[in-house]
Amino acid sequence: MQTYLNTFLALVLLLNLLALGTSRLPTVIRLVTLQGGLIGLLPLLIHSPWRPESVVLAIATLLTKGILIPSILIKALREVQIRREIEPLIGILPSMLLGALGTGLALLFASLLPLIPGQANSLLVPASLATVLTGCIFLTSRMKAVSQVVGYLILENGIFIFGLLMLEAMPFMVEMGLLLDLVVCIFVSGIILNHIKDTFDSLDTRLLTALKEDTSWPQK
Amino acid sequence: MELNITVSIIFIATLLHLASGIPGFFLGRRSPMGQYLAALMAVIGSLMGLWGALLILNGPASGYYELPWGLPIGHFTLQLDGLTSFFLIPIFIMGALGAIYGLGYWKQSEHPENGRQLRFFYGILVGSMSLVVMARDGIFFLIAWEAMALSAYFLITTEDQDEKVRQAGWIYLVATHAGSLCLFGLFALFYRATGHFGFQPFQPGMVSPWILTSIFFLALIGFGFKAGIFPLHFWLPGAHANAPSHVSALMSGVMIKMGVYGILRVCWMIPSPPLSWGIILLILGTLSSLLGVLYALGQHDLKRLLAYHSIENIGIIFMGLGLSLVGRSCHHPDLIILGMAGCLLHIWNHGLFKSLLFLGAGSVIHATGTRQIDKMGGLSKTMPYTGGLFLLGAVAICGLPPLNGFISELFIYLGLFKTLMNGSGTQAVPFSLGLAAPALAMTGALAVACFVKVTGIVFSGEPRSEKAAKSHESPKTMLIPMALLALGCLMIGLLPLLVTPWLDKVIVEGNSELMGIGLKVDYLAPLGWVSGLGMGLLLMIGILFTWLRYRLIREKTPQRGTWDCGYAAPTNRMQYTASSFAQMLVNQFDGILKPKEHRPELKGLFPTSSHFESHIDDSILDRVLKPVIHRIQKGVYQFRWFHQGLTQPYILYIIVTVLILLALSSTLGDRFMSFILP
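Thresholds, definitions, all that
Residues numbered from 1 in each chain as written. Chains lettered and ligands numbered in written order. Predicted model: local features only at pLDDT ≥ 70, side-chain atom pairs only at ≥ 80, totals over all residues. Helix = DSSP H or I, 4+ residues; strand = E, 2+ residues; numbered from the N terminus. Rg over C-alpha atoms; globule rule 2.2 N^0.38 Å. Buried ≥ 20, exposed ≤ 12 C-beta atoms within 10 Å, placed from the backbone. Contact = placed C-beta atoms within 7 Å. Domains from an automatic or database assignment. Nonpolar A, V, L, I, M, F, W, Y, C, P; charged D, E, K, R; others polar. Core = buried A, V, L, I, M, F, W, Y, C linked by C-beta atoms within 7 Å. Expected span 1.5 Å × (residues − 1). Bend = angle between axes of the 7 residues up to and from the residue. Axes fitted to C-alpha atoms, helices over the stretch in contact; angles between N-to-C directions. Parallel < 35°, antiparallel > 145°, perpendicular 65-115°, else oblique. Left-handed = near helix turned anticlockwise from the far one by under 90°. pLDDT = per-residue confidence, 0-100.

**Quick notes on the overall build of chain B**
Line of reasoning, step 1. Counting its regular elements, chain B contains 26 helices and four strands.
Line of reasoning, step 2. Against the globule reference of 26 Å for 678 residues, chain B gives a C-alpha radius of gyration of 26 Å, in line with a compact fold.
Line of reasoning, step 3. When its C-alpha atoms are laid out on the principal axes, chain B stretches across 90 × 70 × 55 Å.
Line of reasoning, step 4. For chain B, with 678 residues in total, the buried portion stands at 49%.
Line of reasoning, step 5. In chain B, of all internal contacts separated by at least 6 residues, the share reaching a separation of at least 24 is 80%.

**Regarding the overall build of chain A**
Line of reasoning, step 1. Secondary structure assignment for chain A yields eight helices and zero strands.
Line of reasoning, step 2. Compactness check: chain A gives a C-alpha radius of gyration of 19 Å against a globular reference of 17 Å for 220 residues, within 12% of the reference.
Line of reasoning, step 3. For chain A, the spread of C-alpha atoms along the principal axes amounts to about 65 × 40 × 35 Å.
Line of reasoning, step 4. Buried positions account for 39% of the 220 residues belonging to chain A.
Line of reasoning, step 5. Counting only contacts in chain A whose residues sit at least 6 apart along the sequence, the fraction spanning at least 24 positions is 74%.

**Re the domain arrangement of chain B**
Line of reasoning, step 1. Its domain assignment divides chain B into domain 1 (272-421 + 433-555) and domain 2 (644-678).
Line of reasoning, step 2. On a C-alpha basis, the centres of domain 1 of chain B and domain 2 of chain B stand 55 Å from each other.

**Looking at the interface of chain A and chain B**
Line of reasoning, step 1. Facing the 12 residues of chain A at the interface are 12 residues of chain B.
Line of reasoning, step 2. The leading source of residues in the side of chain A that touches chain B is helix 6 (residues 124-141) of chain A, at three residues.
Line of reasoning, step 3. Of the residues that constitute the side of chain A that touches chain B, the class distribution is five nonpolar, five polar and two charged.

**Points about the nonpolar core**
Line of reasoning, step 1. If you look at the biggest cluster of nonpolar residues, it comprises 198 residues, and the most contacted ones within it are L125, M129, V132, M148, A341, L356 and C489 of chain B.
Line of reasoning, step 2. When residues of this core are assigned to their parent elements, the largest contribution, 20 residues, is made by helix 13 (residues 333-368) of chain B.
Line of reasoning, step 3. Not counting residues up to four positions away in its chain, the partners in contact with V132 of chain B are F141, A144, W145, M148 and M258 of chain B.
Line of reasoning, step 4. With 50 residues, the next largest nonpolar core counts V28, L31, L42 and I69 of chain A among its residues.

**Some details on unusual backbone geometry**
Residues and elements named next belong to chain B.
Line of reasoning, step 1. Cis geometry marks the peptide bond from F230 to P231, where omega comes out at 5°.
Line of reasoning, step 2. With a phi close to 55°, H331 is a non-glycine residue in the positive phi region.
Line of reasoning, step 3. Its location among the elements puts H331 in the loop between helix 12 (302-329) and helix 13.
Line of reasoning, step 4. What makes H331 partly exposed here is the crowd of 14 C-beta atoms within 10 Å.
Line of reasoning, step 5. Of note in this structure, K594 is not a glycine but carries a positive phi near 50°.

**Re helix 3 (residues 52-80) of chain A**
All names here are of chain A.
Line of reasoning, step 1. Across its 29 residues, helix 3 extends 41 Å between first and last C-alpha, which sits within 8% of the 42 Å expected from 1.5 Å per residue.
Line of reasoning, step 2. Along helix 3, the largest kink reaches about 30° and is centred on T64.
Line of reasoning, step 3. Of all the positions in helix 3, only L57, T61, T64, K65, I69, P70, L73 and A76 are classed as buried.
Line of reasoning, step 4. Residues of helix 3 that are buried in the fold lie against helix 2 (25-46), helix 7 (145-165) and helix 8 (172-200).
Line of reasoning, step 5. Downstream of helix 3 by one or two residues, Q81 has phi in the positive range, about 50°.

**Comments concerning the packing of helix 13 of chain B against helix 16 (residues 404-418) of chain B**
Residues and elements named next belong to chain B.
Line of reasoning, step 1. Where helix 13 meets helix 16, the axes come as close as 8 Å, and the angle between the chain directions of the two elements is 160°. Viewed along their axes, helix 13 and helix 16 adopt a mutual orientation that is roughly antiparallel. Helix 16 is crossed by helix 13, and the crossing has left-handed handedness. Each of D334, L335, L338, G339, A341, G342, L345, H346, N349, L352 and F353 in helix 13 lies in contact with helix 16, whose residues at this interface are N404, G405, I407, S408, F411, I412, L414, G415 and K418.

**Details of the packing of helix 13 of chain B against helix 15 (residues 384-397) of chain B**
To characterise two packed helices, one gives the angle between the axes of the helices and the distance between these axes.
Residues and elements named next belong to chain B.
Line of reasoning, step 1. Interaxial distance between helix 13 and helix 15 falls to 9 Å at its minimum, and their mutual angle equals 145°. Crossing of helix 13 over helix 15 shows left-handed handedness. Note on element contacts: helix 15 touches helix 13 through T386, L389, F390, G393, A394, A396 and I397, opposite F353, K354, L356, L357, G360, S363 and V364.
Line of reasoning, step 2. Class assignment for the residues of the contact of helix 13 with helix 15 results in nine nonpolar, four polar and one charged.

**Overview of helix 19 (residues 476-494) of chain B**
Residues and elements named next belong to chain B.
Line of reasoning, step 1. Compared with an ideal rise of 1.5 Å per residue, which puts 19 residues at 27 Å, helix 19 spans 26 Å between its outermost C-alpha atoms and is within 8% of the ideal.
Line of reasoning, step 2. Listed as buried for helix 19 are M478, L479, P481, M482, L485, A486, G488, C489, I492, G493 and L494.
Line of reasoning, step 3. Turning to helix 19, the residues buried within the fold contact helix 4 (82-105), helix 13, helix 15, helix 16 and helix 22 (527-554).

**Quick word on the confidence of the model for chain B**
Line of reasoning, step 1. On average, chain B scores 88 in pLDDT, and the residues at 70 or more come to 95%.
Line of reasoning, step 2. Scored as a whole, the predicted complex attains pTM 0.81, and scored at its interfaces, ipTM 0.80.

Written out as C-alpha cells, the structure is:
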C-alpha cells in the first residue's frame, strides 16, 4: 500500500506544479479536479482493511471535489466569459520554479520533523506542506478572482492530506463538515464572481481596492 | 427550608429575567403584549429572587453547587452566601422596577424599532448580573461578566441612529474590555496561585506576596473600570447620559456596583492584606468623591450630572471599603465593621436613591423632550409627584437626615473618627487618614449645592421653553416604581436597625477574625438616636408643611412668577441658569475644572443678539485620553501603507507570520514555553 500511496502523492505534487505552470483557467480547473479525485482515493490507500468511515469519506470527497465543485466553477467561468490569467504578480515560469523550490523545502523540513516510524517514509507530510504552499502561491500571486478560488481549493487539498495523518484521531464528523464548508464556500464564490463581473466589468481583484475605506484621515 | 430549594428559587428567578425579552420577538412590532409579558416575567422573577435572597440573609449560607454543563475549562460552580444575597437584592429590585417603568417610558407602540431589543437586553443584563454575583469559578464568572458588559453596551446604544449615542457606546465598550482584559490576567494569576479557578480563600503563606500584589492591582483596575472609580470613570458620563433612563438607573444603581463586588470578593480571599492597599482604596475613594461632585456641579445635562454623582458615590463606597481594609491590616475591629457597614449600606442606598433620581430624570425628559437643564423650569407645578419624589431622592443623595444616605455616610464618618483613637492591642493607624473625614464633609456640602441647583432650575421658577410649559405628569407605571424606591430610602433612613442584622451577617462572613468578638454595627453607631431624631424631624417638617399649606389656602395669595423680584416685565430667560447658579463654585475650583467659556463680543451701542456658552470637559477623557489617542493614531497611520486593500498581500502577511512563528518555535520553542509554564 505504501508504494501506491507514495505514487499517488507524487502525482499530487506533479499536479501542483502543472497548475502553477499554466495560465489557461479551464485547464487549471481540470488539474485541480484531478488532484481532488486523487486525494479522494487516499483514505482507501492508507487503511488497508477498509473501514466504513474511510469508504464514506472517499465517496464524499470524490463527489464534492471531483464533480460538484468543478461543475460549479466551470459554470461560473462560462458565465463570466474569461479564459486566461493574463497578468499575474509573479510570472508563470517563476511561480512554477517557486513551487518546485517550495516542494524541495517541504521535503527537507518534513525529514527534520519527529514523526512516528510508520509515517517517516511516506510522502504524506511533505506533500501536504507543498500543496499548502502551492495554494498560498496561487493566492498571493494571481489576480483573477477565479484563480483565488482555485488557490483556496489547492490549499484545502493540502490540509485534507494532513488530516489523513490523523484519520483515526480526528472525528469523522469534522472531515465531513469540512467538505460541506468547502462546497458552500465555492458555491458562494461562484455567486460573488458574477457580482464582481457585473459591478467592475472585470474579474481583476485589484479593482476591489475601490472598496477600501477612505484613506484621507487624519485631517487635522 | 432546604437550601437546594433556595438555590432553585434564585436560579429560576434569574432564568425568568434572562428570558423576559424573548416572547416579544415572536409578537408583532407594534404589539403591546411583549412589554406586558416581559414586565410580568421580571416582576415574578424578582419576587422569587428577593424571597430567596432574604431566606439566605436570614438563614445559613448555602454550600457550593455545580451545574452539570460542560465547559472545556472551569466549572459552573455557584454559591449563595450573605454577600451574594446582599447584592442580589438591589439587582432584583431594580430589575422589576425598571421593567415596570419601561412600560410607560419606552412604550412598544412609540418605539417599534428598538423596544423589543431594549427589553431583551434589559433582561439579559439583570440575569447576567445575578449570575456574576453567584458564580464561584473564574471562567463562569468571566462568561457572566462579559454577558453583562455586552448587554449593557446594546442597552446604551438603543438609539443607535444618533451619532453621540454610538460614540458613547464605543467608549464604554473600549473601557469595559480594557477592564475585562485585566480580569483575564487576574484569573490566570488565580490559576497559577491555586491550581484551579475556584473562589476559595487563599491559605496564608501559600501565595507569594508579589502575586498577591498583582492580583490586587489587576482587580482594582479591572473592576475599577466597571465601578467607574476615578480615573477609570471616563466612560460613565456619556454612557449613563445616552442610555434610556431606566437603563441608566439600572446601570448606575446596580451595574457599577458589580465592580465593587468584585474587589470585595477578591479582598476577602486574601488572608492579610498590607496596609497600603486600604490606604490606596481610601485615597482613590476620596479623590473620586470630590472630583465627581465638582464635575457634577458644572454640568448642564441632567443625566450627565447624575452620572458624575455616581462617580462621587462610588468614591464614598470605596472610602468605606478602604477603611475596612485598613482595619483588617491594623487588626482594628471597629474600623472593619464601620467601614464595611458604610460601604455595604451605601451600595444599597445609592442603588435606591440614584435609581430614583434617574427615573425622575427620565420622567422629566419624557415630559420636556430634552436633557438640558436650562430648557426646563417650573416643572413642580405641572409634575408635582415627579418633583416631590425627585426632591426626596436629592435629599437622600446629599446624605441629609432623615434619609438613608445619612446613615451610610454616618458609618464612614464614625469609622474615620475612630482612626484617630487607637485602642489597646491594635496596630497604629496612620493619623493622616482622618483627613478623609473633612473631604467627605466637603463632598456632602458640594452635593447639596449641586442638588439645590438641579431642583431649583428644573422644578422651581418658570418654564424656560415651550415644551417645559406644556409638560405633563408621567403615567402611573412610571410613578409607582419611583414611589417604591422613595419608600425604600425613607425606610432605611428612619429605621436603620432593620437592616443592621444583615450587615452584621455579611461583615462577619467576610472577616472571620470578627467571629468571636461579638461586636455589632448597632454597638458602634447610635442608631436608636438617629432613628428617633429622624422621626422627630419628619414630624416637624410635616407640621410646618401643613401649616404653610393652610395659610396658603386661607389667605388667597395671588399667582405670580417665581423670582421676578418685583421687576415689571420679566421674561423667563432672565432667570438663573444652571451655569450661572453654579458659577461661583465652579470659579472657585477652576484650577481643577478648567471651565471653557465662549463669550460673545459685544460691539456698538445697540449690539445685536448674541450667544454665551460654557462647558466643562471631562478631566480624563477630553484632556488626557483623546489627545494621547490622537497622537497614537497619527503614529500608527504610517502603517496604513500595509493596508493595500488587496487580498493577495494580506495572505502574504499571514504566510510570512506563520513562517516566522514556525522558525521561532523550532529554534527557541522549548525555552519560550518554559518561560510561560514553569
